[in-house]
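# Topology and contacts: notes
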Amino acid sequence: MSRVETEDFRLLPVSEMEARLAQLEKRVNAAQCAYPPTKERVRQALRGKGDGRCPVRLKRHSLDLILKYGDELAGLFCEYPDDVVALIPYDITIGYQSPGKTPRVNVVEALMTDMQWLDEWGTRWGHAFGGVGATPLDCPIKDWAMLDDYFENGMPDPNAHGRLDSVTASLALHKETKYCFGIIHLALFERLHCLRGMENVFTDFLIHEAEVERLLDGLEEYLLEIVRQWGALGADAVFFTDDWGSQSGLMISPDQWRRLFKDRYARTFAEVHRLGMDAIFHSCGNVTGIVGELVDIGLDVLDPVQPGAMDIEELARDFGGQLAFSGAVDVQELLVHGSAEQVKDEVRRIIDILGRPFGGGLLLGPANVMTPDIPFVNLEALFEAAHGVA
């Protein structure tokens with residue numbers, strides 16, 4: 001689809017959407033295979049021992065972006081291939097669907113039309129036509145009296161046959177030449193509020209802490225089992241998501257975070273390291289208040305370094321060289337409203353602050369999912385600047 005034919009991409013038949021998405025994946029995989037190996041360069045850079053060039057991860061976008069820009073977007077990924085491969089076994093809002101599951105949730109239909117569905121955890125999600133992503137609408141554990149039954153009948157099996165099968169072909173294709181990381185979405189806190197509801201969770205922290213701890217015990221056990229599966233497959237890293245920040249600070253007090261979550265993350269990161277992998281932790285918003293403690297418990301890479309919420313110069317001054325950074329290119333204002341020249345200038349500035357002084361210890365990319373409101377000229381500018389094109 002040409003960039004001038006963008007207005008009705010959301011009205012395409014689902015089958016046509018699926019075909020276009022598959023075509024982009026095919027082209028991008030071929031380009032990455034044809035590109036010189038970058039795996040060791042990434043490993044060294046994330047340890048602060050790189051050659052000064054920051055590794056790049058730009059393949060971080062909504063389905064809508066592919067459908068809007070089509071072949072032209074694929075062309076950018078082919079001309080400027082990523083240095084890493086993100087292994088996403090299933091959609092964050094749907095979860096694993098076994099081969100025999102009926103009815104099945106069609107990912108493209110769910111995320112491109114008006115639709116509601118239950119994920120494998122029992123959370124009801126909804127997507128509105130024209131929107132990006134999905135929102136939790138209803139939770140399965142409405143009362144703590146339901147917890148025992150949920151553990152018995154509602155909790156997914158981390159060892160369900162075939163859980164990670166959808167990424168094994170991609171891993172086999174790229175593991176010798178690319179740094180490959182397996183993603184575990186909604187690790188602890190985010191899964192907790194998907195199961196209980198956000199408002200309930202904040203109340204639970206105050207008056208139902210024992211029950212919260214029980215549920216977190218179960219979630220931690222699940223998390224560790226998935227980590228072990230990524231280790232068995234030979235991933236280079238595990239990428240966890242748990243959004244803790246608002247635009248201005250943590251959603252709960254640092255003391256509460258330490259009491260309920262810090263040790264669980266420490267055990268999880270330790271298991272990642274025991275299996276020879278790196279720990280990457282994604283947390284949107286301003287999480288400055290816990291970065292030092294994440295360093296203390298072994299975090300290797302902090303993502304997404306959201307520049308609209310965090311001071312990247314302060315981060316570099318306080319934590320540069322103690323861990324690597326990931327993301328850092330603003331998707332809220334810069335890519336949407338800035339000029340192409342502003343995008344290039346900011347990418348260079350980010351590299352000079354977070355990457356170059358620390359042995360290239362920045363996995364450069366957007367600070368969150370890129371969406372179709374980003375002009376194509378700004379995508380071109382991002383790809384060129386990230387790959388050092390003058």
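Residues numbered from 1 in each chain as written. Predicted model: local features only at pLDDT ≥ 70, side-chain atom pairs only at ≥ 80, totals over all residues. Heavy atoms only, no water.

### Here's the deal with unusual backbone geometry
- Proline 103 follows threonine 102 through a cis peptide bond whose omega is -10°.
- Tracing the backbone through its elements, the reader meets proline 103 in the loop between β1 (84-87) and α4 (107-112).
- Cis geometry is adopted by the peptide bond preceding proline 304, which originates at aspartate 303 and carries an omega value of 5°.
- Topologically, proline 304 is positioned in the loop between β8 (301-303) and α12 (312-319).
- Of note in this structure, leucine 186 is not a glycine but carries a positive phi near 55°.
- Structurally, leucine 186 can be placed in the loop between β5 (179-184) and α7 (189-196).
- One non-glycine residue, valine 305, adopts positive backbone phi at about 50°.
- Among the structural elements, valine 305 can be located in the loop between β8 and α12. (Helix = DSSP H or I, 4+ residues; strand = E, 2+ residues; numbered from the N terminus.)

### Observations regarding the pattern of salt bridges
- According to the stated counting rule, one finds 33 salt bridges in the structure shown.
- With a shortest N-O distance of 2.4 Å, arginine 258 and aspartate 255 are connected by a salt bridge. With a gap of three residues between them, arginine 258 and aspartate 255 both fall in helix α10 (residues 254-274), about one helical turn apart.
- Accessibility expressed as a relative area gives 52% for aspartate 255, which makes it exposed.
- Residue glutamate 293 is joined to lysine 262 by a salt bridge in which the shortest nitrogen-to-oxygen separation is 3.0 Å. Of this pair, glutamate 293 sits in helix α11 (residues 288-296) while lysine 262 is found in helix α10, placing the two residues 31 residues apart along the sequence. (Salt bridge = Lys/Arg side-chain N within 4 Å of Asp/Glu carboxyl O. Buried < 20%, exposed > 50% of the residue type's maximum accessible area, 1.4 Å probe, protein only.)

### A short note on empty space enclosed by the protein
- Using the criterion set out here, one finds one cavity of 30 Å³ or more in the structure.
- The volume enclosed by the largest cavity comes to roughly 220 Å³.
- Of all the secondary-structure elements, those providing two or more residues to the lining of the largest cavity are β5 and α9 (209-233).
- Broken down by element, the lining of the largest cavity gets its largest block of residues, five residues, from α9.
- The class makeup of the residues in the lining of the largest cavity is 15 nonpolar, two polar and four charged. (1 Å grid on protein atoms, 1.4 Å probe; cavity = no way out; pocket = protein on both sides within 12 Å on 5 of 7 lines; lining within 4 Å. Points joined across faces, edges and corners; volume = space filled by probe spheres on them. Nonpolar A, V, L, I, M, F, W, Y, C, P; charged D, E, K, R; others polar.)

### Description of the sheet that holds strand β2 (residues 115-118)
- Ordered in space as β2-β3-β4, the three strands form an open sheet in which the pairing is antiparallel. Both edges of this open sheet fall to β2 and β4 (135-138), since each of them pairs with a single strand only. Neighbour to neighbour, the strand axes of the sheet diverge by 35° on average, direction disregarded.
- As judged from the four bridges shared by β2 and strand β3 (residues 124-127), these two strands associate in the antiparallel manner. Residue leucine 118 lies in a different strand from β3, and its bridge partner there is arginine 124. (Pairing = 2+ DSSP bridges. Axes fitted to C-alpha atoms, helices over the stretch in contact; angles between N-to-C directions.)

### Focus on the side chain of glutamate 271
- Mapped onto the elements of the fold, glutamate 271 is located in helix α10.
- Judged by its relative accessible area of 10%, glutamate 271 falls in the buried class.
- Those residues within four positions of glutamate 271 in sequence are excluded, and the remaining contacts are Leu224, Val227 and Arg228. (Contact = heavy atoms within 4.5 Å.)

### Looking at the packing of aromatic side chains
- For the coordinates displayed, the defined rule picks out 19 aromatic pairs.
- Directly above the ring of phenylalanine 239 sits arginine 57, whose terminal nitrogen or CZ lies 5.4 Å from the centroid. (Phe/Tyr/Trp six-rings, centres within 6.5 Å; stacked < 30°, edge-to-face > 60°. Lys NZ or Arg CZ within 6 Å of the ring centre and 35° of its normal.)

### Some remarks on the state of the cysteines
- Scanning all chains against the criterion turns up zero disulfides.
- There is no disulfide at cysteine 33, and the cysteine sulfur nearest it, in cysteine 180, is 10 Å away.
- Take cysteine 180: its relative accessible area is 0%, and that puts it in the buried class. (Disulfide = S-S within 2.5 Å.)

### Brief notes about the pairing of β2
- In β2, alternate side chains face the same way, and those of Met115 and Trp117 are buried while those of Gln116 and Leu118 on the opposite face are not.
- In sequence, β2 turns back onto β3 through a hairpin of five residues, with glycine 122 there showing a positive phi of about 95°.

### Comments concerning the packing of α7 against α9
- The geometry of α7 relative to α9 is characterised by a closest axis approach of 11 Å and an angle of 120° between their N-to-C directions. Taken together, α7 and α9 sit at an angle that is classed as oblique. As α7 packs across α9, the resulting crossing turns out to be right-handed. Contacts between α7 and α9 involve Arg191, Leu192, Leu195 and Arg196 from the former and Val212, Leu215, Leu216 and Leu219 from the latter.
- By residue class, the composition of the contact of α7 with α9 is six nonpolar, no polar and two charged. (Parallel < 35°, antiparallel > 145°, perpendicular 65-115°, else oblique. Left-handed = near helix turned anticlockwise from the far one by under 90°.)

### Here we look at the packing of helix α3 (residues 63-79) against helix α15 (residues 376-386)
- Where α3 contacts α15, the two axes come as close as 11 Å, and the packing angle between them is 30°. Viewed along their axes, α3 and α15 adopt a mutual orientation that is roughly parallel. Along this stretch, α3 crosses α15, giving a crossing that reads as right-handed. Counted together, Leu65, Tyr69, Glu72, Leu73, Leu76 and Phe77 of α3 and Phe376, Leu379, Glu380 and Phe383 of α15 form the full contact between these two elements.
- Here the residues of the contact of α3 with α15 sort into eight nonpolar, no polar and two charged.

Interpretation in functional terms is not warranted from these geometric data alone.
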